[in-house]
Amino acid sequence: MTEDCIFCKIINGDFGTEFVYENKYAVVFKDINPKAPIHLLVVPRVHTESLNELEDKNLMGELLQTVKDVTKKIGLKSYKTLINTGKEAGQEVFHLHIHILGN
Ligand code: 5GP
Ligand code: ZN
């Protein structure tokens, strides 16, 4: 856990955020400010600022498997995935995450 990281705090249970899905590698919860009718965030348990800092090659595979598993669980067959990397690209929370956007 990294201090002052909002997603680390959520993973730690500090805000009582409900997890839609979780496994060994990641937790999935609803975006607080949804940009689509279904807007989930897949967040790795290990703190990494962004894709630029990611060193664990296997982790991205596990995160995409998590996307597949959570969408199957909730019956969402059609969706977009998005990763913002860097401030100029719109990254606001500097803990790597994948957006899932669906209708
Ligand atoms: P980014 O712009 O970094 O790719 O996405 C960060 C996302 O996290 C935004 O869509 C924002 O609405 C969401 N977010 C920021 N703070 C919180 C929070 O405390 N709880 C939840 N559930 N989502 C958050
Ligand atoms: Zn973090």
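This text goes with the structure placed above it.
Note that the structure is a prediction, hence the values are computed from the model and not measured.

### Regarding the pairing of strand β2 (residues 26-30)
Taken across its five residues, β2 has four buried, putting it largely inside the fold. Across two bridges, the pairing between strand β1 (residues 21-22) and β2 is antiparallel. Along β2, the bridge assignment pairs Tyr21 with Val28. Linking two consecutive strands that pair antiparallel, namely β1 and β2, is a turn of three residues. Pairing of β2 with strand β3 (residues 38-44) involves five bridges; the strand directions are antiparallel. Counted as the bridge partner of Lys30 is Leu40 from β3.

### Here's the deal with the site of ligand 1
Contacts to ligand 1 come from 17 residues, most closely from Lys30, Asp31, Gly90, Glu92 and His99. In the environment of ligand 1, an oxygen atom lies 2.9 Å from a nitrogen or oxygen atom belonging to the backbone of Val93. At 2.8 Å, a side-chain N or O of His99 approaches an oxygen atom of ligand 1. In isolation ligand 1 has 520 Å² of accessible area, and contact with the protein removes 88% of it. Put simply, the parts of the chain that give the shell around ligand 1 at least two residues each are α1 (6-11) and β2.

### Examining the coordination of the zinc ion (ligand 2)
Coordination sphere of the zinc ion (ligand 2), protein contribution only: Cys5 (SG), Cys8 (SG), His47 (ND1) and His95 (ND1), at 2.0 to 2.3 Å. For the zinc ion (ligand 2), the four donor atoms in the first shell make angles of 105 to 115 degrees at the metal, a pattern classed as tetrahedral. Sequence positions of the residues that donate to the zinc ion (ligand 2) give the spacing C-x2-C-x38-H-x47-H. Residue His47 is located in the loop between β3 and α2 (57-74), and its partner His95 is located in the loop between β4 (79-82) and β5 (98-102); the two are separated by 48 residues in the primary sequence.

### Some remarks on the side chain of His95
For His95, a relative accessible area of 0% translates into the label buried. A distance of 3.2 Å separates a polar atom in the side chain of His95 from a polar atom in the side chain of His47. Not counting residues within four places of it along the chain, the set of residues in contact with His95 comprises Cys5, Phe7, Cys8, Ile11, Val43, Pro44, Val46, His47, Thr48 and Glu49.

### Quick word on the packing of aromatic side chains
A full pass over the atoms with the stated rule returns two aromatic pairs. Pairing Phe7 with Phe29 gives two aromatic rings, centres 5.5 Å apart and planes at 80 degrees, and the pair type is edge-to-face. Taken as a pair, Phe7 in helix α1 and Phe29 in strand β2 lie far apart in primary sequence, 22 residues in all. Like Phe29, Phe7 is buried.

What counts, and where the lines are drawn
- Residues take numbers from 1 onward in each chain, read along the sequence in its written order.
- Working convention: letters from A go to chains and numbers from 1 go to ligands, in the order in which they are written.
- Where local features are concerned, this predicted model is filtered to residues with pLDDT of at least 70; where side-chain atom pairs are given and counted, the filter is 80 or more; whole-chain, interface and lining totals use all residues.
- Processing note: side-chain calculations cover all non-hydrogen atoms of the structure and skip hydrogens and water entirely.
- Partly exposed describes any residue whose relative accessible area lies between the buried limit of under 20% and the exposed limit of over 50%, with all areas from a 1.4 Å probe on protein chains only and scaled to the type maximum.
- Under the scheme used here, helices are H or I runs from DSSP no shorter than 4 residues and strands are E runs no shorter than 2 residues, and both carry numbers assigned from the N terminus.
- Two strands are said to pair when DSSP picks up at least two bridges between them.
- One heavy atom suffices: a residue is near a molecule or strand as soon as one of its heavy atoms comes within 4 Å of it.
- Under the rule applied, a polar contact is a pair of N or O atoms within 3.5 Å (in protein, one hydrogen donor and one hydrogen acceptor; residues adjacent in sequence only if both atoms are side-chain atoms).
- Each accessible area is a Shrake-Rupley result for a 1.4 Å probe, and residues are judged covered by the shown protein chains and nothing else.
- Coordinating N, O and S atoms are those within 2.8 Å of the metal (3.2 Å for Na, K and Ca), and as water is not part of the atoms, a site may appear to have fewer donors than expected.
- Note on geometry labels: four donors, all angles 85 to 135 degrees, give tetrahedral; four donors become square planar and six octahedral when opposite donors are over 155 degrees apart and every other angle is between 65 and 115; remaining cases are irregular.
- Only heavy atoms enter the contact rule, under which two residues are in contact if any of them lie within 4.5 Å.
- To pair, rings of Phe, Tyr and Trp, with the six-membered ring standing in for Trp, must have centres within 6.5 Å; the planes then decide the type, stacked if under 30 degrees apart, edge-to-face if over 60, and tilted in the middle.

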